[in-house]
Amino acid sequence: LDRPATTQAALEQAVRLNPTLPRPRTILALVYVLQGRARDGFQLFEGLASEGVRDRDYSVSRLMAHLVVGEPREAVAIGEEGIGRFPEDADLGLWLGRALDRAGRPAESMERHRRALELRPDLYEAEEALGSLLARSGRGGEAAQHFLRSAEIRPDRAHPFRALAMLAEGRGDRPESLRLWRVVLRMAPNPAAVREAAEQIRRLGREDTGALRSIPLPKSVRIMTDPAPTANPTAGAGL
């Protein structure tokens, strides 16, 4: 779904060629919602529902669509129905966990993310979701363990190191926070992320952000060695 216009054209052609196939219509419905055509998207979803389509793709796509339009309770209802049918689907469980969090049910969200990790231990998104939930509940030590695990699974991503830097400062360890922000600066995926990391480093007392040195981390975590972050002018500050 990185190129929604191209994806939409391909899906619409697939639907024209075989309108009985549910999967192209399911994904097309989500694409419509992502493009701001919520009415068209949910009409497609309702048509699929009236035909009795309740497969995994329908559950995930409609749950996501409800989150996009700011309807977390509806997303939870779809996710709970889907997980009842597909209890071993880790991705569906992950999205249900996100919906529960958005619906103001953090304890249930934690449990759902834990279950997703039982099904797929390499699901770094669930590790990060648990880390965020625990940090918000004041359990920073436990949160840090989940962010470290995410970094072990996907050592090419800056987000867990950013979260660890914030946790370090929160517990009063400014040197450790500075160390981690330097890691984030090295790995930052876009200019906005570079700016944020540089500002945090300056704020923590380091004026020279140009010289990056090797920073020891747990052996299981590989740090990217390319000193030139890849610029993506269309991306935001998200990591």
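The rules behind the values
Throughout this description, residue numbers start from 1 for each chain and increase along the sequence as written. Two thresholds apply to this predicted model, a pLDDT of at least 70 for residue-level local features and 80 or more for giving and counting side-chain atom pairs, whereas whole-chain, interface and lining totals are computed over all residues. Side-chain figures throughout are based on the complete set of non-hydrogen atoms in the structure, without hydrogens or water. Residues enter a nonpolar core if they are buried and are Ala, Val, Leu, Ile, Met, Phe, Trp, Tyr or Cys, with the set joined through side-chain atoms within 4.5 Å. Burial classes: relative accessible area under 20% of the type maximum marks a residue as buried, over 50% as exposed, and values in between as partly exposed (1.4 Å probe, protein chains only). We count a stretch as a helix when DSSP gives it H or I for four or more residues in a row; a strand needs E for two or more, and each element gets its number in order from the N terminus. Just to be clear on terms, a salt bridge is a Lys or Arg side-chain nitrogen sitting within 4 Å of an Asp or Glu carboxyl oxygen. For a helix, the expected span equals 1.5 Å multiplied by the number of residues minus one. The directions from the helix axis to the C-beta atoms are what the arc is built from. The contact definition used throughout considers only heavy atoms, calling two residues in contact when any of these lie within 4.5 Å.

(A) Spotlight on the nonpolar core. Counting residues in hydrophobic clusters, the biggest one holds 31 residues, and the most contacted among them are L123, F147, F161, L180, W181 and V184. Looking at this core, the elements that each hand over two or more residues are α6 (90-102), α7 (106-119), α8 (124-136), α9 (140-153), α10 (159-170), α11 (174-187) and α12 (191-203). Here this core gets seven residues from one element, more than from any other, and that element is α11. Counting residues in each nonpolar core, the second largest holds 22 residues, with Y58, V60, L92 and L100 among its members.

(B) Quick look at the pattern of salt bridges. Under the defined criterion, the tally for this structure stands at 24 salt bridges. A salt bridge links D122 to R120, with the nearest nitrogen and oxygen atoms 3.4 Å apart. One salt bridge in this structure joins E196 and R162, with 2.7 Å as the shortest N-O distance. Of this pair, E196 sits in helix α12 while R162 sits in helix α10, and the two are 34 residues apart along the sequence.

(C) Highlighting α7. The terminal C-alpha atoms of α7 lie 20 Å apart, and with 14 residues this matches the ideal 20 Å at 1.5 Å per residue to within 8%. For α7, every residue scored as buried is listed here: S109, M110, H113, A116 and L117. Each buried residue of α7 sits inside an arc of 125° when the element is viewed along its axis, so together they form one side. The exposed residues of α7 that point more than 90 degrees off its buried face are A107, E111 and E118. Of the surrounding elements, those touching the buried residues of α7 are α6 and α8.

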